[in-house]
Amino acid sequence: MVHEEDDGRADGDGVTRRRPLREWHVEETVEVAVPVRTAYNQWTQFKTFPRFSAVVRDVEQVRPTVTAWTIGYGLLRHRFPVEIVEQDPDAYLAWRGLEQHPTHEGEVEFRPTESGGTAITVRMLLRPHGAAKVLTRSAGVTGLAARLVRAELVDFKHFIEGLGQEGGAWRGTIRNGRVQHDTPEPPRSRVAQWPVG
Amino acid sequence: MQSPPGQEPETSLSVTPPKKWAAGVPAVVHALEYSLEQTSPRKTGVDLLTMNQVGGIDCPGCAWADPAPGRRHRNEYCENGAKHINDEATTRRITADFFREHSVSDLAARSDMWLNQQGRLTEPMIKRPGSDHYEPIGWNDALGVLARELKGLDSPDEAVFYTSGRASNEAAFVFQLFARALGTNNLPDCSNMCHESSGFALNETLGVGKGTVSLDDLHHADLIFLVGQNPGSNHPRQLSALEQAKRNGGRIVAVNPLPEAGLRRFKNPQKPRGVVGRGTQIADRFLHIKPGGDLALFQALNRLLLEAEDARPGTVLDHDFINAHTSGFEDFARHARTVDWDDVHAATGLTRQEIEKVRDEVLRSERVIVCWAMGITQHKHGVPTIREIVNFLMLRGNLGRAGTGACPVRGHSNVQGDRTMGIWEQMPDTFLDALQKEFGFNPPRPHGLDSVNSIKAMLEGRVKVFLALAGNFVRAAPDSEVTEKAMRSCRLTAHISTKLNRSHTVCGDTALILPTLGRTERDVQADGEQFVTVENSMSEVHTSQGRLEPASRRLLSEVAILCRLARLTVDGVGDVPWARFEGDYNTIRDSISRIVPGFHDFNARVTRPGGFQLPNPVNEGVFRTETGKARFTCNERVVPRAPQGHLLLQTLRSHDQWNTVPYTDNDRYRGIHGSRHVVLVNPADLSELGLAQGDRVDLVSIWEDGTERRAENFAVVSYPAARGSAAAYYPETNVLVPLDSVADMSNQPTSKGIVVRLEPTGDRSRPAPA
């Protein structure tokens, strides 16, 4: 069952050119008792997801805009690459799966709360393949996906609140799948510059 | 296992129709046949099951990347890789008796294949001045001869230090350090002859001289161009990545003067559909382009994209990327709009409709990758062609995003790593300063000699000592007769080698053969068993460690040879721990980690499964060019032309060949059997030239110096080559490539664009019926 964008959501913020989802199957929000900067910094340390997640087994940061996720239950494993298409520090990130069939896309919003904490909202649009498309029209299936996302968010809440502070940070901005660097030369890019024959 | 051939095998030419698909079960059969001719089933098994596996041997065959750990096949190699690794692991041995039996003159008359088939070199040998025989010599004496010669030079610049892409990072680093401690930057390498044009063009336009894509990018691209490359024979594992891309819905456009089997269909022998099915179609669209027409093709595509944007503003070009990350767009666009369609047709042989169909493919694709190899780089206009490819990618923002980018496909397994380690005659001051800080001596600053200029310097008597770290320089270099004359003019030539090749037989007054361990073999030093590291075509750095016992107890590793030579030659220059380097390669990597950007924590990171990937600034939004942005360039139009009655020759490898070494006289995919002295020509061109299949001709190249370069007695084969072109095997036809015929800017020999005429010899013997 697909939810469509309501009138309250803008078509981009006018600054970051972000293109929010216009429809989604899952939307879940959790409030965490850490500042936005802390929540955002920890969330974007994708490699640490296996430390709190019940389903994420491994995350490989292939490059700033590409991660490879391995999820699993029991002995079952599935690895899939994900492209981060938009990322605004302390505010927003959007992803899409790079697999053609099936795939998914989604976004995460970080908003400060009046109490000094952070409201984190995850929206996901599932793009199944073939007959599986029928499943996304089922409230039961999308409800299961929503419960899984909810559980992950709660696990993240306990994780970051337990830590109290982030374990790292990547403060770059991504637009249309491409890193926008603010400094002349990010440290990671320091590699041999001479031509290779 | 079979004994080495005593005499040159006598075979006769037969021609069958070219294959329409690559690999499949025949690839497995041929790989095993050759492997078991060379070595035992046990060694074959050990090699193949550890090749390209975590903790195993990096295949020396090519620089293609391995899948991530956990995603590799149990058999992660191709037919040619299997042949190559077991060619090295052969049980055949060359001993002192062999050299007593065969004089240098005798060996110089032998074929490349015969020399290679004799087996592994087992002990140091010397040919003394005036002698026509190699004789055994101890290691200390051999290295002493070389050290004395080097120390006796009037200038360190009278020595040249050549590197082949087989050398490991550690050996390459030590080699360049030794040369610079001696006082010279004369560090030519095989890169000078394969992808130098790529490095120059990419560095100028994107600020980094390496490709920008990973295997995952290929898997998830919407459209992949394969331009001037033959993956079926030269990097067969690329076919697996292309197959994956196709299964993910990607499409492929192949652009080549020959319709190579690997561009058409791939039967993956590890998949049921590859064994009993039809396999996977590779190219959805094949552009049968004339040699050297690629620049015009991409200029035409760029014009079409600009016109598409005119027709539908805001929907074709990636203005965000162009405005934020590039410079020079307006000048480029003005220039691109003046492309003339008559010129495009003359250069490419393609119709406007064919090119417009490719434009439509591009417009339907959000993520595009362009792969290329020596069909692009080995032209006079190789650098402008690659710059135009970069223009093409930038127009729609196909850089720095997943599934997009530039992909120069390299040959030798560590050719990229050797350059990263400082094997370059023009290293920047930042690198030399870091060497000075680490080792306490001031490296020479003037630029040294590349491959072409080294040959010229040898001819002019300015170079007296030639030392090669692996490779077969005499056969890899252009203008064979000139190169051989240059080598013979040296006072001393020395080669660190695993197997015999022609470079050992075309030598200076004194010649040394310094036999070394191969990739397949255990390397035990004072601090225990060692591993080495390599960097593949996609900038992944990982380990390589052999499992077999060395071919001889008298072999030394490349690092050991070089460190011992350095102690005899430059001991006391700076504070270089040569003995420690030899005993423990970790110490070399520690030094590298302090000198080469991107190699921090080298030892810790490289021993993780799969090693680590060097970041590519382009993928982080950084363009370290003169403008600080990716650069659009205006490239002059080039229409390669051959005079009436002439053809444009490209030299190429056969399927059964690794670099300069043919394994057999067969080229299975092209349907050539029993001879390498063939020239492939389009039947319409043959008709115009008054020739027929089976005619015997001399190939004569035309060059501005007026010298007649001739490759004699080749059989004409009617073949679906692009009109106006011819193709013949390397290195046999290197003799036709003039030393001065080089690519603009990169100084790379133009082995894919030689004007030749075919002179009938009068011998009309025809090949056996197909």
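Residues numbered from 1 in each chain as written. Chains lettered and ligands numbered in written order. Predicted model: local features only at pLDDT ≥ 70, side-chain atom pairs only at ≥ 80, totals over all residues.

Caption draft 1: Representation of the pairing of strand β17 (residues 492–497) of chain B in the model. Residue and element names in this part refer to chain B. With respect to burial, β17 is a largely interior element, six of its six residues being buried. Every second residue of β17 is oriented toward a common face, with Leu492, Ala494 and Ile496 on one face and Thr493, His495 and Ser497 on the other, all of them buried. With six bridges connecting them, β17 and strand β18 (residues 510–515) associate as parallel partners. Directly across from threonine 493, in β18, lies its bridge partner alanine 511. (Buried ≥ 20, exposed ≤ 12 C-beta atoms within 10 Å, placed from the backbone. Helix = DSSP H or I, 4+ residues; strand = E, 2+ residues; numbered from the N terminus. Pairing = 2+ DSSP bridges.)

Caption draft 2: Region of the structure containing the domain arrangement of chain B. Residues and elements named next belong to chain B. Each assigned domain of chain B is listed with its residue range as follows: domain 1 (117–194 + 416–608), domain 2 (196–408) and domain 3 (647–760). Taking only C-alpha atoms, the centre of domain 2 and the centre of domain 3 are 26 Å apart. Domain 2 puts 26 residues into the contact, and the matching count from domain 3 is 23 residues. Elements that contribute at least two residues to the side of domain 2 that touches domain 3 include exactly α10 (196–206), α12 (231–234), α21 (374–377) and α22 (382–395). Residues belonging to the side of domain 2 that touches domain 3 are distributed by class as follows: nine nonpolar, 13 polar and four charged. (Domains from an automatic or database assignment. Contact = placed C-beta atoms within 7 Å. Nonpolar A, V, L, I, M, F, W, Y, C, P; charged D, E, K, R; others polar.)

Caption draft 3: Summary view of the nonpolar core. All names here are of chain B. If you look at the biggest cluster of nonpolar residues, it comprises 232 residues, and the most contacted ones within it are Val174, Phe175, Phe178, Ile224, Val370 and Val679. Of all the elements, helix α8 (residues 169–182) adds the most residues to this core, at 10 residues. In this view, phenylalanine 178 contacts Leu562, Leu565, Ala566 and Val570; residues no more than four positions away in its chain are not counted. (Core = buried A, V, L, I, M, F, W, Y, C linked by C-beta atoms within 7 Å.)

Caption draft 4: Molecular detail of the pairing of strand β6 (residues 76–88) of chain A. All names here are of chain A. Bridge count for strand β5 (residues 66–73) against β6 is eight bridges, and the pairing is antiparallel. Bridge pairing in β6 places alanine 68 opposite proline 81. With six bridges connecting them, β6 and strand β7 (residues 92–97) associate as antiparallel partners. What sits directly across from glutamate 86, in β7, is alanine 94. Where β6 folds back on β7, the antiparallel hairpin that results is connected by three residues, among which aspartate 90 adopts a positive phi of roughly 65 degrees.

Caption draft 5: Looking closely at the environment of leucine 21 of chain A. All names here are of chain A. Residue placement: leucine 21 occurs in the loop between β1 (3–4) and β2 (23–24). Considered as a pair, leucine 21 and glutamate 105 are 84 residues apart in the sequence and their alpha carbons are 8.5 Å apart. Setting aside chain neighbours within four positions, we find leucine 21 in contact with Glu105, Glu107, Arg123 and Leu125.

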